[in-house]
Each structure stands twice: as C-alpha cells, then as structure tokens.
Amino acid sequence: MIELFVSPIVVPDGLMMYLPLYKHFLQIQRANLGNVVLLLNSLGINDLVHFDFMNPPPAKNLSIALEHLYALGALNRNGELTEVGDNVCVHDTDN
C-alpha cells in the first residue's frame, strides 16, 4: 500500500491544489531500522548516532532498533554484532 501525503494550497486563481509532501515523510524516517543497523554494524560502522545519513532517521527510531536487536541477542551491550547478529545479517528479515 502506498501512502501519499499532500498539502492543500490555494493558487491565485482561487483553485485548490494539492502538493505532495515528499521531504517530510521520507521512507527511512518511517521504516523499521533493524536491518539498516545490522547491515551498518556488519560493515564495521558502530557509531550510528554520528553516521552521516543522507536523510537521518529520528533518534527515537534508531534507539528502538538498537533496543530490539539487543533484546534479540543480535547486538551486545556495546552495540557490536554478536554471533546471532552475524547469522541474522545473512537473511532478509523484512519479508
């Protein structure tokens, strides 16, 4: 299902137009970041708070992903991949 977020505007002729709000609803800001965190960790990028994302996700979403992966045993208390996390990286867990 595709969601389209629009904003109504009135043009000078008095017509109502609807413009898509692309910049406010980027996919990475709504997605489950578990796979992103696992992939970046597998590449040796452990400092995700300071990682230079093109469109950074909200810190809350990143924190939730880290907490879930820690609870599953995929990350240790230092945020590094465990053996379980290595195995999970091999499989696509989004589908």
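Placed above this text is the structure.
It should be emphasised that the depicted structure is a prediction, and the values quoted were computed from it without experimental measurement.

The final tally for this structure, using the stated rule, is 1 aromatic pair. With centroids separated by 4.9 Å and ring planes inclined at 80°, the aromatic side chains of F51 and F53 adopt a geometry described as edge-to-face. Using a relative accessible area of 14% as the deciding quantity, one classes F53 as buried.

Below, the discussion takes up the side chain of N41. Mapped onto the secondary structure, N41 falls in helix α1 (residues 34-42). Residue N41 is classed as buried on the basis of its relative accessible area of 6%. Filtering out sequence-adjacent residues up to four positions away, N41 remains in contact with N46, L48, L75, G79, E80 and L81.

Procedures and definitions
- Residues numbered from 1 in each chain as written.
- Predicted model: local features only at pLDDT ≥ 70, side-chain atom pairs only at ≥ 80, totals over all residues.
- Heavy atoms only, no water.
- Phe/Tyr/Trp six-rings, centres within 6.5 Å; stacked < 30°, edge-to-face > 60°.
- Buried < 20%, exposed > 50% of the residue type's maximum accessible area, 1.4 Å probe, protein only.
- Helix = DSSP H or I, 4+ residues; strand = E, 2+ residues; numbered from the N terminus.
- Contact = heavy atoms within 4.5 Å.

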